[in-house]
Amino acid sequence: MQLTLEFGGGLELLCDSVKIHDVNVIPNNEVDKLTMKDLLVWVRTNVIKERPEMFMKEDSVRPGVLVLVNDCDWELSGQLDTPLEEKDVVVFISTLHGG
């Protein structure tokens, strides 16, 4: 499944400072459906290069990370159960900044 992943607000530093990733994620379940929970596991393994604990806590993103799926807050679409489709754009933005 072709997806575009975008990291901002400092999260790109965990991905070798690359903000936009065009990726191909293959669902590893029988029904060939991909959810955000599946994607987060894949991102932790394949995209995050350092300090994954700054991105994820247990099986979800850390508090303070805003997640948008096609410009819609994932809290409105089911969070970890949000279904993903071909060519979706998933954005991860850290809302926690030093100041």
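See above for the structure.
Below is a summary of the structure that appears in this document.

So, how was this worked out
- Residues numbered from 1 in each chain as written.
- Predicted model: local features only at pLDDT ≥ 70, side-chain atom pairs only at ≥ 80, totals over all residues.
- Heavy atoms only, no water.
- Pairing = 2+ DSSP bridges.
- Helix = DSSP H or I, 4+ residues; strand = E, 2+ residues; numbered from the N terminus.
- 1 Å grid on protein atoms, 1.4 Å probe; cavity = no way out; pocket = protein on both sides within 12 Å on 5 of 7 lines; lining within 4 Å.
- Points joined across faces, edges and corners; volume = space filled by probe spheres on them.
- Nonpolar A, V, L, I, M, F, W, Y, C, P; charged D, E, K, R; others polar.
- Contact = heavy atoms within 4.5 Å.
- Buried < 20%, exposed > 50% of the residue type's maximum accessible area, 1.4 Å probe, protein only.
- Arc of directions from axis to C-beta.

### Quick look at the pairing of strand E9 (residues 89–94)
- Judged from the five bridges that link them, strand E1 (residues 2–8) and E9 form a sheet pairing that is parallel. The partner of Thr 4 across the bridge, within E9, is Val 89.
- Pairing analysis gives five bridges linking strand E6 (residues 65–69) to E9, with the strands arranged antiparallel. Residue pairing in the sheet places Val 65 in a bridge with Ser 94 of E9.

### Quick look at the sheet that holds E6
- Spatial ordering of the open sheet is given by E2-E1-E9-E6-E7, a layout of five strands whose pairing is mixed. With partners counted over all chains shown, the strands left at the sheet margins are strand E2 (20–24) and strand E7 (72–73), one partner each.
- Here five bridges tie E1 to E2, and the two strands are oriented antiparallel to one another. Among the inter-strand pairings, Thr 4 is bridged to a residue of E2, identified as Asp 22.

### Some thoughts on the layout of surface pockets
- In this structure, the largest pocket encloses a volume near 190 Å³.
- Along its surface, the largest pocket is lined by Gly 10, Leu 11, Leu 14, Arg 51, Met 54, Arg 62, Pro 63, Val 65, Ser 94 and Leu 96.
- Here the lining of the largest pocket is built from residues that sort into six nonpolar, two polar and two charged.

### Quick look at the side chain of Ser 94
- By the secondary structure assignment, Ser 94 is in strand E9.
- Beyond its immediate stretch of four places on either side in the chain, Ser 94 contacts Gly 8, Gly 9, Leu 11, Gly 64 and Val 65.

### Things to note about helix H1 (residues 36–46)
- When H1 is considered as a whole, its buried residues turn out to be Met 36, Leu 39, Leu 40 and Val 43. Down the axis of H1, the smallest arc covering the buried residues is 100°, so these residues share one side.

### A closer look at the side chain of Ser 60
- In this structure, Ser 60 sits in strand E5 (residues 60–61).
- Among the residues examined, Ser 60 registers a relative accessible area of 18% and is labelled buried.
- Apart from the residues lying within four places of it in its own chain, the contact partners of Ser 60 are Leu 40, Phe 55, Trp 74 and Leu 80.

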